[in-house]
Amino acid sequence: MTAFNPSAWESSQWFIFVLCGIILLGFFGILASQPSKKPIQKPPVSNRIRRPPKLFTLEELRAFNGENGKPIYIAVQGPFDEAPTVFDVSRGREFYGPGGPYHVFAGKNASRGLAKTSTDPDDVEGPLDDLSESQKDALSQWYLRFMEKYENIGHLKVEDVANVKKSD
Ligand code: HEM
């Protein structure tokens, strides 16, 4: 029988300790390299276009002002888009429906009114080229809000927007 040798015992303890460390590191390394099993997250419902995107003229848009129970559409210019996005805001009928405080925006390209924070009918529609930086920022904030809250159903026709009279 061999005599107890404290230094050999200590070094074998160290050996086991280091070995366990290596095994644990290897184990976690393998776990980390596994592809994630998480399902791919769908974008929020409001950001998915559920119907094929539609192109509207300003005239076509006007019909969707919520009168006679029709849906309510509003176009809002996004900061990086060529033409305003058309949103179905029917779920905000208390705001935009007949008698609502923002009915003046219903069925319109409301970008100018939103940018100027104005419900004056003379301000609602019109060119955007004379807006100040802070008005452009305000418009971008409205666009983000609409993106989050309402269904995006299409765009205005670019030619139609280009026809909006430029400011002098
Ligand atoms: C005295 C001035 C005003 C007050 C106190 C006011 C207050 C409010 C309140 C409390 C809401 C509801 C917010 C929510 O539930 O999410 C709202 C919504 C709204 N406000 Fe005003 N507002 C004022 C003026 C204006 C003006 C001048 C505009 C013109 C751009 C405007 C545009 C809007 C719009 C578009 C919404 C609806 C947003 C949506 O669809 O969620 N407001 N306002």
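Residues numbered from 1 in each chain as written. Predicted model: local features only at pLDDT ≥ 70, side-chain atom pairs only at ≥ 80, totals over all residues.

(A) Quick peek at the site of the ligand. Around the ligand, the neighbouring residues are Val-89, Gly-92, Phe-95, Tyr-102, Gly-113, Leu-114, Thr-117, Ser-118, Thr-119 and Lys-149. The residue inventory of the shell around the ligand, partitioned by class, reads four nonpolar, five polar and one charged. (Near = placed C-beta within 6 Å. Nonpolar A, V, L, I, M, F, W, Y, C, P; charged D, E, K, R; others polar.)

(B) Broad picture of the nonpolar core. Counting 25 residues, the largest nonpolar core has Tyr-73, Ile-74, Val-76 and Phe-87 as the members making the most contacts within it. Contributing elements (two or more residues each) for this core: strand 2 (73-76), strand 3 (85-88), helix 4 (111-115) and helix 6 (133-149). (Core = buried A, V, L, I, M, F, W, Y, C linked by C-beta atoms within 7 Å. Buried ≥ 20, exposed ≤ 12 C-beta atoms within 10 Å, placed from the backbone. Helix = DSSP H or I, 4+ residues; strand = E, 2+ residues; numbered from the N terminus.)

(C) Region of the structure containing the sheet that holds strand 1 (residues 54-56). Spatially, the four strands line up as an open sheet ordered 1-4-3-2, and their pairing is mixed. The sheet is open, and its two borders are formed by strand 1 and strand 2, each paired with just one other strand. Direction aside, neighbouring strands of the sheet carry axes that sit 40° apart on average. Here three bridges tie strand 1 to strand 4 (residues 151-156), and the two strands are oriented parallel to one another. If you follow Leu-55 over to strand 4, its bridge partner there is His-155. (Pairing = 2+ DSSP bridges. Axes fitted to C-alpha atoms, helices over the stretch in contact; angles between N-to-C directions.)

(D) Molecular detail of the pairing of strand 4. Strand direction decides the pairing type here: strand 3 and strand 4, joined by four bridges, are antiparallel. Pairing of Phe-87 across the sheet is with Asn-152, part of strand 4.

(E) Unusual backbone geometry, seen in detail. Phi at Asn-68 is positive, roughly 55°, even though this residue is not glycine. In this structure, Asn-68 sits in the loop between helix 2 (58-62) and strand 2. A positive phi angle is found at Thr-117, which is not glycine, with a value near 45°. Its place among the elements puts Thr-117 in the loop between helix 4 and helix 5 (121-124).

(F) Quick look at the environment of Asp-81. Take Asp-81: it is sitting in the loop between strand 2 and strand 3. Taking the C-alpha atoms as reference, Asp-81 lies 9.5 Å from His-155; in sequence the two are 74 residues apart.

(G) Local environment of the pairing of strand 2. Side chains of strand 2 alternate between two faces, with Tyr-73 and Ala-75 and Ile-74 and Val-76 buried alike. Sheet topology places strand 2 next to strand 3; four bridges connect them, and they run antiparallel. Paired with Ile-74 across the strands is Phe-87, a residue of strand 3.

By themselves, these figures tell us nothing about what the structure is for.
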